[in-house]
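An overview of the molecular structure
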Amino acid sequence: MSYAGVSVLNLLMANKYYLDFPDLPPGKLTRLRAANIDTEKLARVAIKYNLHNYLRHKIPLLRGQVEEFRKATLEYLLHSTGLTDPPKVLVDIVESLIGAIYIDSNFSTDTTWQVVKDLLQPLITPTTLEIHPVSKIYELCQKNGLKIEFVDQWNKTGEVEVFVNGKFVGKGKSTGKKATAVNKAAHNAYDQVVRNLSVKVIIDKDPPCDETQS
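Residues numbered from 1 in each chain as written. Predicted model: local features only at pLDDT ≥ 70, side-chain atom pairs only at ≥ 80, totals over all residues. Heavy atoms only, no water.

Considering the packing of aromatic side chains
We describe a pair of aromatic rings using the distance from one ring centre to the other and the angle between the two ring planes. Going through the model one piece at a time under the given rule, you end up with four aromatic pairs. Judged by centre distance (5.7 Å) and plane angle (70°), the ring pair of phenylalanine 163 and phenylalanine 168 falls under edge-to-face. Taking the relative accessible area as the measure of exposure, phenylalanine 168 reaches 47% and is therefore partly exposed. Its guanidinium or amino end placed over the ring of tyrosine 17, lysine 16 lies 5.7 Å from that ring's centre, counting from NZ or CZ. (Phe/Tyr/Trp six-rings, centres within 6.5 Å; stacked < 30°, edge-to-face > 60°. Buried < 20%, exposed > 50% of the residue type's maximum accessible area, 1.4 Å probe, protein only. Lys NZ or Arg CZ within 6 Å of the ring centre and 35° of its normal.)

Observations regarding unusual backbone geometry
Glutamine 121 connects to proline 122 through a cis peptide bond whose omega is 0°. By secondary structure assignment, the location of proline 122 is in the loop between helix H6 (109–119) and helix H7 (133–143). Phi is positive for asparagine 106, close to 60°, though the residue is something other than glycine. Mapped onto the secondary structure, asparagine 106 falls in the loop between helix H5 (88–104) and H6. Despite not being glycine, phenylalanine 107 has its phi angle at roughly 65°, a positive value. Tracing the sequence through the fold places phenylalanine 107 in the loop between H5 and H6. (Helix = DSSP H or I, 4+ residues; strand = E, 2+ residues; numbered from the N terminus.)

What to know about the sheet that holds strand S2 (residues 159–164)
Here we have three strands laid out as an open sheet, ordered S1-S2-S3, and antiparallel in their pairing. Two strands lie at the open edges of the sheet, namely strand S1 (148–153) and strand S3 (167–173), each paired on one side alone. Across the sheet, the mean angle separating the axes of adjacent strands is 20° when strand polarity is ignored. As paired strands, S1 and S2 are joined by six bridges and run antiparallel to one another. The partner of phenylalanine 150 across the bridge, within S2, is valine 162. Packed on one face of the sheet, H7 meets S1 and S2 and runs near 145° to S1. (Pairing = 2+ DSSP bridges. Axes fitted to C-alpha atoms, helices over the stretch in contact; angles between N-to-C directions. Contact = heavy atoms within 4.5 Å.)

Let's talk about the packing of helix H3 (residues 39–48) against helix H4 (residues 60–75)
The relative placement of two packed helices comes down to the angle between their axes together with the axis-to-axis distance. Between H3 and H4, whose axes approach to 10 Å, the crossing angle comes to 100°. It follows that H3 is roughly perpendicular to H4 by the angle criterion. Contact residues: H3 offers Glu40, Ala43, Arg44 and Ile47, while H4 offers Val66, Phe69, Arg70, Ala72 and Thr73. Of the residues in the contact of H3 with H4, the class split is five nonpolar, one polar and three charged. (Parallel < 35°, antiparallel > 145°, perpendicular 65-115°, else oblique. Nonpolar A, V, L, I, M, F, W, Y, C, P; charged D, E, K, R; others polar.)

Quick word on the nonpolar core
The biggest cluster of nonpolar side chains holds 32 residues, and the ones touching the most others in it are Leu9, Met13, Leu90, Val94, Val116 and Leu120. Secondary structure elements with two or more residues in this core: helix H1 (2–20), helix H2 (26–37), H3, H4, H5 and H6. At six residues, H5 tops the list of elements feeding residues into this core. Beyond its immediate sequence surroundings of up to four residues, leucine 120 is in contact with Leu9, Met13, Asn36, Lys41, Leu42 and Val45. In this structure, Ile137, Cys141, Val169 and Ala181 belong to the second largest nonpolar core, which totals 14 residues. (Core = buried A, V, L, I, M, F, W, Y, C linked by side-chain atoms within 4.5 Å.)

Focus on the confidence of the model for the protein chain
Residues at a pLDDT of 70 or more form 92% of the protein chain, whose mean pLDDT is 90. By mean pLDDT, helix H9 (residues 178–205) is the weakest element of the protein chain at 87, and S2 is the strongest at 97. (pLDDT = per-residue confidence, 0-100.)

A look at H5
For H5, with 17 residues, the first-to-last C-alpha span of 24 Å sits near the 24 Å given by 1.5 Å per residue. For H5, every residue scored as buried is listed here: Leu90, Val91, Ile93, Val94, Glu95, Ile98, Gly99, Ile101 and Tyr102. The first or second residue beyond H5 is asparagine 106, which carries a positive phi of 60°. (Expected span 1.5 Å × (residues − 1).)

Put into structure tokens, the structure is as follows:
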């Protein structure tokens, strides 16, 4: 059922955004669709409706992982853009639920959509769609002629470090997935590089000292 849920969800969301935003370029349409059906978005659905409470399992760590993710949803109200690490089982629950609805409705996409459109609220729109942190830091560095390097220490420490023009600007850590550590590192590095560039602009714009004044 999970496979059926993934397939029909992709179809439904692609159809919605293609019809709602016909003037959007294909790349942004793809990002918009993906943001509304990715693992974090579906895991948020499970948390919102407390679907995880119906799980029967023998995984002691799962309760803590679910609670950690629940707290993250309070920090990032709409989407963290890859800064959280949701337990995969939350995603499986929602995908299976959507698949069951699709099959039980005799494979009706219309009936399935009536349920799905409410489950996924609030939906991410073109105005609330955020740029992925890795894309943001690369675009920032490219625009300002800066050289960026990610140093992978994840297998040793769970961390990924970022250097710009040879200088350390940030790091990210995740014990779950390396991709999450990379995203956190990019996010932290972006903020630091913006601060560094702001300081540089202020210094560059400072008027020269008048050495003749006493």
